[in-house]
Amino acid sequence: MCLSTAYLKTADGGETVVMKNVAGVRVNGSVIVLSDILGAETPVPGTLAYCDLVNGRLEILAA
């Protein structure tokens, strides 16, 4: 199973892990909704900036 880790990137270049084991990504207006393998969802205000599914990395620019 190939799951991803989502990072929130700030304007100053910093990043923090928002969620590990991301199985799904949904865009709802200006909110990125991440869901894990158990179905738990985490809404993150921002913009999806980068998605590398082979290496399991998602980057979200903070709103």
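Since we're looking at a predicted model, the values are computed, not measured.

J.: Any details on the nonpolar core? Residues and values, ideally.
T.: Membership of the largest hydrophobic core is limited to eight residues, which are Ala6, Met19, Val22, Ile32, Leu34, Val44, Leu58 and Ile60. Elements with a contribution of two residues or more to this core: strand S2 (15-28), strand S3 (31-36) and strand S5 (57-62).

J.: Kindly report on the packing of aromatic side chains, identifying the contributing residues and their values.
T.: Tallied over the full model, the rule gives zero aromatic pairs. Here the basic side chain of Arg57 rests over the ring of Tyr7, its NZ or CZ set 4.0 Å away from the ring centre.

J.: So what's going on with the sheet that holds strand S1 (residues 4-9)? Which residues, and what values?
T.: The five strands lie next to each other as S1-S2-S3-S4-S5, forming a closed barrel whose pairing is mixed. Between one strand and the next, the sheet's axes are offset by a mean angle of 65°, whatever the strand orientation. Here S1 pairs with S5 via five bridges, running parallel. Bridge pairing links Lys9 to Leu61 in S5.

J.: Lay out the pattern of salt bridges with the relevant residues and their values.
T.: Applying the stated rule across the entire model yields four salt bridges. Among the salt bridges present, the one from Glu15 reaches Lys9, with a minimum N-O distance of 3.4 Å. The exposure class assigned to Glu15 is partly exposed, which follows from its relative accessible area of 36%. In this structure, the salt-bridge partner of Arg57 is Glu15, at a minimum N-O distance of 2.8 Å. Taken together, the positions of Arg57 in strand S5 and Glu15 in strand S2 put the pair 42 residues apart, joining distant regions of the chain.

The rules behind each value
Residues numbered from 1 in each chain as written. Predicted model: local features only at pLDDT ≥ 70, side-chain atom pairs only at ≥ 80, totals over all residues. Heavy atoms only, no water. Core = buried A, V, L, I, M, F, W, Y, C linked by side-chain atoms within 4.5 Å. Buried < 20%, exposed > 50% of the residue type's maximum accessible area, 1.4 Å probe, protein only. Helix = DSSP H or I, 4+ residues; strand = E, 2+ residues; numbered from the N terminus. Phe/Tyr/Trp six-rings, centres within 6.5 Å; stacked < 30°, edge-to-face > 60°. Lys NZ or Arg CZ within 6 Å of the ring centre and 35° of its normal. Pairing = 2+ DSSP bridges. Axes fitted to C-alpha atoms, helices over the stretch in contact; angles between N-to-C directions. Salt bridge = Lys/Arg side-chain N within 4 Å of Asp/Glu carboxyl O.

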